[in-house]
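If you want the building blocks of each chain, they are given just below.
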Amino acid sequence: MKIAILGYGTVGKGVVKILEERFPHFEIVKIVVHSEKDCLDERFTTNFYEIFDYDVDVLMEMIIGDSPTYEYIRYALSRCVHVITSNKTTVACHLEEYMKLAKENHCQFRYEASVAGGIPWIQGLIKAKRIDKIERIEGILNGTTNYILDHMLKEDRDYTEVLKDAQRLGYAESNPSADVDGIDALRKICISSSLGYNIRVNTDEVDCFGISTVKLNDLKKFKNEGLLIKLMGYSHFENNKFYACVEPVLVSSISKYAAVDENNNAVSLYGNTIGELMFIGQGAGQAPTANAMIQDLLDINDRRYDGECILVDSVIDRGDTLNNYVFCMNEDQSMIFEEKIDFVEKVDERYYITLKPSTVEEKNKWIKELRNANCEFFYARRRVL
């Protein structure tokens, strides 16, 4: 098989390294890079369309963002070229379109590496739903935020200090907003939900709150209560009604999620006969992500086909399910929550407002009011064991 590589950053270099060392029978004919200065030998080019002069069989795409990625993937699929991608942004936006285009042109679109890095999560979902109705999906889907929350407690250091370490180690970008604001996890829960439930999911329909306003004292307080904060994605689908969110969650120190440390991911599915299946491992990084890309390549080479996935519309339903929330802030804004307050604590100039069971719509209303009041705050949902 003839392979074209699109993007020669961290993951791209990892893919090339593994292919050259372990799979020499795959021929890398072209490597597309952004700038002429990145062209190291005759295989390199800055012209994406040049790769089609070499009768490529597979395009392995590892660049960032949806533009020009969308145009490139569409063009490759229209030319009957298999596409493998790690780009969660473009998969979250165009999964259904890519799958349809691949089917029309008798090729495959594969995206295992777009969610949970080296964990075989996409394949796990595909196999589970062959038999089961998937009811819920949840998990720690972003290794950067998990690393930050873990090391703030381990090292007794503030958020900004640990974030700098995460950037130095390559876990976080120079602009870390996609990770710390929950956007990365949001894209992954959208992809997982579309595939798991066979429904169309738009990213703007998912509630999202990150960890950039968490304080070290928040983590310490909850740890003293036997709780840890994790940024988690969650979704459920029942009776054609769908809900998804990404938000900080308080998990018990004896729960399975509490044991997930460093930059690891952990994601679970709940099926009506299999029950819970949980996958834990490295969710990012050169080697794990490259591994997932090459697993997809080997499946194409072995002519393994996952079958058709037809997506349908669903109704977004935030429902009347009651959750327990705790809001943390440096000023007393308890008047916003009115009769929903259970109790208020003040610890080291920090207010902790624990609420009576409340709906998602109520929580969203309070978030909007606090933002309108220019109040810096943090909140977390208590997870039931």
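Quick look at the structure, then. (Residues numbered from 1 in each chain as written. Predicted model: local features only at pLDDT ≥ 70, side-chain atom pairs only at ≥ 80, totals over all residues. Heavy atoms only, no water.)

### Notes on the environment of Val91
And step 1. Inspection of the secondary structure puts Val91 in helix 3 (residues 88-104).
And step 2. Through-space distance from the C-alpha of Val91 to that of Cys190 is 9.3 Å; in sequence the pair is 99 residues apart.
And step 3. If near-sequence neighbours (up to four positions away) are discounted, Val91 is found in contact with Thr85, Phe109, Tyr111, Ser114 and Ile191. (Helix = DSSP H or I, 4+ residues; strand = E, 2+ residues; numbered from the N terminus. Contact = heavy atoms within 4.5 Å.)

### Concerning the sheet that holds strand 4 (residues 58-61)
And step 1. One open sheet accounts for 6 strands, arranged 3-2-1-4-5-6; its pairing is parallel. Unpaired on one side and paired on the other, strand 3 (44-45) and strand 6 (109-110) mark the two borders of the sheet.
And step 2. Bridge count for strand 4 against strand 5 (residues 82-85) is 4 bridges, and the pairing is parallel. Residue pairing in the sheet places Glu61 in a bridge with Thr85 of strand 5.
And step 3. Running over the sheet, helix 2 (residues 69-78) touches strand 1 (2-6), strand 4, strand 5 and strand 6 and is turned about 165° from strand 4. (Pairing = 2+ DSSP bridges. Axes fitted to C-alpha atoms, helices over the stretch in contact; angles between N-to-C directions.)

### Re the nonpolar core
For soluble globular proteins, nonpolar side chains are generally found buried alongside one another.
And step 1. In this structure, Phe109, Trp121, Ile148 and Phe327 are the most contacted members of the largest nonpolar core, which totals 98 residues.
And step 2. Excluding residues that lie within four positions of it along the chain, Trp121 makes contacts with Glu112, Val115, Ala116, Ile137, Ser192, Val267, Ser268, Leu269 and Phe279.
And step 3. Among the nonpolar cores identified, the runner-up in size contains 24 residues, and Val11, Ile31, Val58 and Ile300 belong to it. (Core = buried A, V, L, I, M, F, W, Y, C linked by side-chain atoms within 4.5 Å. Buried < 20%, exposed > 50% of the residue type's maximum accessible area, 1.4 Å probe, protein only.)

### Considering the packing of helix 5 (residues 143-155) against helix 6 (residues 159-168)
And step 1. It is at 9 Å that the axes of helix 5 and helix 6 come closest, and there the two elements cross at 120°. Comparing their axes, helix 6 and helix 5 come out oblique. Crossing of helix 5 over helix 6 shows right-handed handedness. Here Tyr147, Ile148, His151, Met152 and Glu155 of helix 5 come into contact with helix 6, specifically with Tyr159, Val162, Leu163, Asp165 and Ala166.
And step 2. Class assignment for the residues of the contact of helix 5 with helix 6 results in 7 nonpolar, 1 polar and 2 charged. (Parallel < 35°, antiparallel > 145°, perpendicular 65-115°, else oblique. Left-handed = near helix turned anticlockwise from the far one by under 90°. Nonpolar A, V, L, I, M, F, W, Y, C, P; charged D, E, K, R; others polar.)

### Examining the environment of Cys93
And step 1. Mapping Cys93 onto the fold places it in helix 3.
And step 2. What makes Cys93 partly exposed here is its relative accessible area of 46%.

### Here's the deal with the packing of aromatic side chains
Aromatic ring pairs are described here by two measures, namely the spacing of the ring centres and the angle between the planes.
And step 1. In the structure shown here, the tally under the stated rule is 24 aromatic pairs.
And step 2. On the numbers, 4.9 Å between centres and 90° between planes, the contact of Tyr49 with Tyr75 is edge-to-face. A residue pair is termed long-range when its members are at least 10 positions apart, and Tyr49 in the loop between strand 3 and strand 4 and Tyr75 in helix 2 qualify at 26 residues.
And step 3. Classification of Tyr49 as partly exposed rests on a relative accessible area of 33%.
And step 4. For the pair Trp121 and Phe279, a centre-to-centre distance of 5.5 Å together with 80° between the ring planes defines the contact as edge-to-face. (Phe/Tyr/Trp six-rings, centres within 6.5 Å; stacked < 30°, edge-to-face > 60°.)

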